[in-house]
Amino acid sequence: MHNSWDENYYRGYEWWMMKEAKKRNPDILLYGLPWGWPGWIGNGTHNPYYNVNTTAVYIIKWIQGAKKYHDLDINFVGIWNELAYSIEYIKTLRRTLDQNGFHDVKIVAVDGGFEIINDMLKDPELFDAIEYIGVHYPGTESTEAAFNTGKQLWSSEDFSTFNDNIGAGCWARTLNQNYVNGLFTGTIAWNMISGYYNGLPFIRQSLMTANSPWSGNYVINNPIWVTAHTTQFTAPGWRYLKHNSGVGKLKNGGSYVSLVSPDGKNLTIVMETMTSLHSVCFYQQPKFNVSLQTITLQLKGSFAKIDKMALWYSRLGYDGGQTEMMKYEGQVDVKDGKINLNLYPDMVVTLTTLTTGQKGSHLNPPQDKPFPFPYTENFEEYNETEQPKYMAQQLGCFEVHISTDGNHGNVLRQMVLEQPVYWTAADRLKRTANLIGDYSWEDITASIDAKTGKEDKWYTGVFLAARVDRGGVKTRKFRGIFFYLYPSLQMYKLTSDIGGKSVLKFGAAHMANKGWNTLKLILQGYQVEGYLNGQYLFESDIQNVPLTGFVGFGTSDYGYADYDNLAIYNSEKVTRQNDPEVLYFVPRQ
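Residues numbered from 1 in each chain as written. Predicted model: local features only at pLDDT ≥ 70, side-chain atom pairs only at ≥ 80, totals over all residues. Heavy atoms only, no water.

Visitor: Hey, could you go over the UniProt feature "active site" (unreviewed entry) in the chain for me, with residue numbers and the actual values?
Guide: When the UniProt feature table is mapped to this numbering, "active site" (unreviewed entry) covers E82 and E157. In sequence the annotated residues extend across 76 residues, while in space they remain close, none of their C-alpha pairs exceeding 9.9 Å. With respect to the element layout, E82 can be found in the loop between β2 (76-77) and α4 (87-99). Setting aside chain neighbours within four positions, we find E82 in contact with V110, D111, G112, H136, Y137, E157 and W423. Within the fold, E157 resides in strand β5 (residues 152-159). For E157, the residues in contact, after removing those within four places along its chain, are W35, N81, E82, V135, H136, Y137, I188 and W190. (UniProt positions renumbered as here; feature names shortened; annotations may be inferred. Helix = DSSP H or I, 4+ residues; strand = E, 2+ residues; numbered from the N terminus. Contact = heavy atoms within 4.5 Å.)

Visitor: Describe the side chain of N163, and please don't skip the residues or the numbers.
Guide: Considering the arrangement of structural elements, one finds N163 in the loop between β5 and α8 (165-182). At 3.0 Å, the side chain of N163 and the side chain of T209 are in polar contact. Residues contacting N163, with those up to four places away along its chain left out, are R204, S206, L207, M208, T209, N221, N222 and P223. (Polar contact = N/O pair within 3.5 Å; in protein donor to acceptor, adjacent residues only side chain to side chain.)

Visitor: So what about a nonpolar patch on the surface? Which residues, and what values?
Guide: Together, Y13, W16, M17, M192 and I193 line one region of the surface with nonpolar side chains, adding up to about 520 Å² of accessible area. Here M192 lies in the loop between β6 (184-190) and β7 (193-194). (Patch = residues over 30% accessible without salt bridge, like charges linked within 9 Å, V, L, I, M, F, W, Y side chains within 5 Å. Areas by Shrake-Rupley, 256 points an atom, 1.4 Å probe, with all protein chains shown as cover. Salt bridge = Lys/Arg side-chain N within 4 Å of Asp/Glu carboxyl O.)

Visitor: Outline the confidence of the model for the chain, supporting the account with residue identities and numerical values.
Guide: Per-residue confidence for the chain gives a mean pLDDT of 94; residues scoring 70 or more make up 96%. Across residues 577-589, where pLDDT falls below 50, the model places 27 contacts with residues more than four positions away in sequence or in other chains. (pLDDT = per-residue confidence, 0-100.)

Visitor: Quick rundown of the packing of helix α1 (residues 14-24) against helix α3 (residues 52-70)? Include the residues and the values.
Guide: At a minimum axis separation of 12 Å, α1 and α3 run at an interaxial angle of 60 degrees. Here α1 is positioned oblique relative to α3, judged by the angle of their axes. Our pair here, α1 against α3, has a crossing hand that is right-handed. Residue-level contacts link W15, M18 and K19 of α1 to W62, A66 and H70 of α3. Looking at the contact of α1 with α3, its residues break down into four nonpolar, one polar and one charged. (Axes fitted to C-alpha atoms, helices over the stretch in contact; angles between N-to-C directions. Parallel < 35°, antiparallel > 145°, perpendicular 65-115°, else oblique. Left-handed = near helix turned anticlockwise from the far one by under 90°. Nonpolar A, V, L, I, M, F, W, Y, C, P; charged D, E, K, R; others polar.)

Visitor: Just give me the short version of the pairing of strand β13 (residues 267-272), but keep the residues and values in it.
Guide: In terms of burial, β13 is largely enclosed, as six of its six residues are buried. Where burial is concerned, the two faces of β13 agree: the one with L267, I269 and M271 and the one with T268, V270 and E272 are both buried. The sheet contact formed by strand β12 (residues 255-260) and β13 spans six bridges and is antiparallel. Directly across from L259, in β13, lies its bridge partner T268. The antiparallel pairing of β12 with β13 creates a hairpin that spans six residues between the two strands, and G264 there sits at a positive phi of about 75 degrees. Bridge analysis of β13 against strand β18 (residues 347-352) gives five bridges, and the strand direction is antiparallel. Along β18, the bridge assignment pairs T268 with T352. (Buried < 20%, exposed > 50% of the residue type's maximum accessible area, 1.4 Å probe, protein only. Pairing = 2+ DSSP bridges.)

Here you go:
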């Protein structure tokens, strides 16, 4: 909902991803957590709790739309990722869920630290509204107060570690020890797939990698198989056994957990022996020692009569050692309820009564390739409101729409008209921005057609950028070459930052009308030339600008703007004398 009156349940990729997940595992559970909020939610205050009823209805509509338009049941909903919570909002959300028949949708709070617990203990209604206490990156440790609530504890965001073998070691240790040390029954990895450009923040801090869709390449990184040691042999509803009766630390380092199916018939035991050096997470952790050990597992009670268990193992190789992932060792004999095992450092071992495990197989994916170059995009192949491939939206929202003038067919339109409720510092920047391409691009020519909307403020501008050096949470500090055009002012500005403070050139930009204009940048080494509608406009020395980076485009504030005919190709630098320029004062935006 870009606006309070605007509902569209086909925007973005998340609907598609949830449906694809359901195809593969119909029993998978879905959890919605707001990060950013549209500005209208805060009614200009940048506070999502300005009117708690409005915010609760916004969430309810999303849950209703998931069911109505995609047949998706949302199982859990959070409050606001890692930022402030409102007690009144949480209680209102619970009441609104119940009033709309969503009694089974459980609230997780507050996706940050443990600060909500004191409020829960003082407020019975708040206590009852929250089903799960969700914290982010607890480092496997919880608090006594959290445990004493009797609520299930979740590490509702974890991992965020580079997905090499050390990252896999971190994840193996975290998955086990979150329960061993902190009694967390749920652990969620951020993020699932690195499907974003190299050069953007948090690259490969994911379970697998697929960030060159133009090539079809993907990499199933080892954190996937570490995850499988737990998830292939358990399911939601399984329960952990008690500490010292199936859960605990191994004598020579590492940990073990045991889980039982809801009907009590199946047992899964997961052991890990990750060493301190080879399981470094991005959060702080104590040093510890792990060495080769022989262990004996004693099965008792209803499991004493088990005579065989399937054994799967992974061994992470470091310093040239061999890596073996998700290896099936067959059925291990259980004699008198006992199993003897040798556990080497940096291993994950699963023993289970289930016989359904598999590593699976896949064809070798295509080879990774650089971003296609030269590149053009006219947006004609997309449906209304789709987001085009390869575009990495950083601020604002860019969707395909039919051109209002009928001459451009499909165009890409910036849709956000109001600054959002701040989630990160980047959201405070009154700009919109979209990136595309290759972080290593240096000497290129880039052009795009752009048109501002009729409803915009008189000073609204559009920009074309090259050599953009960052994005994500660092978007506010974009550096590169930014060619701003202000049609209503008949002005242009060339800057080396997205905020427009480091001005390299500015002056008149005469346009026949306030409609479509073609912006073009030609970069070569430490020089840039700019063209408007095919006519030379400026050139500038760019000694203090990054030598490589993405191509980008966007707006100088929040307002409609249309884009078409993006083209990126080899530099066509032309040597020429500077034309005289008439300089004007440009108001700071």
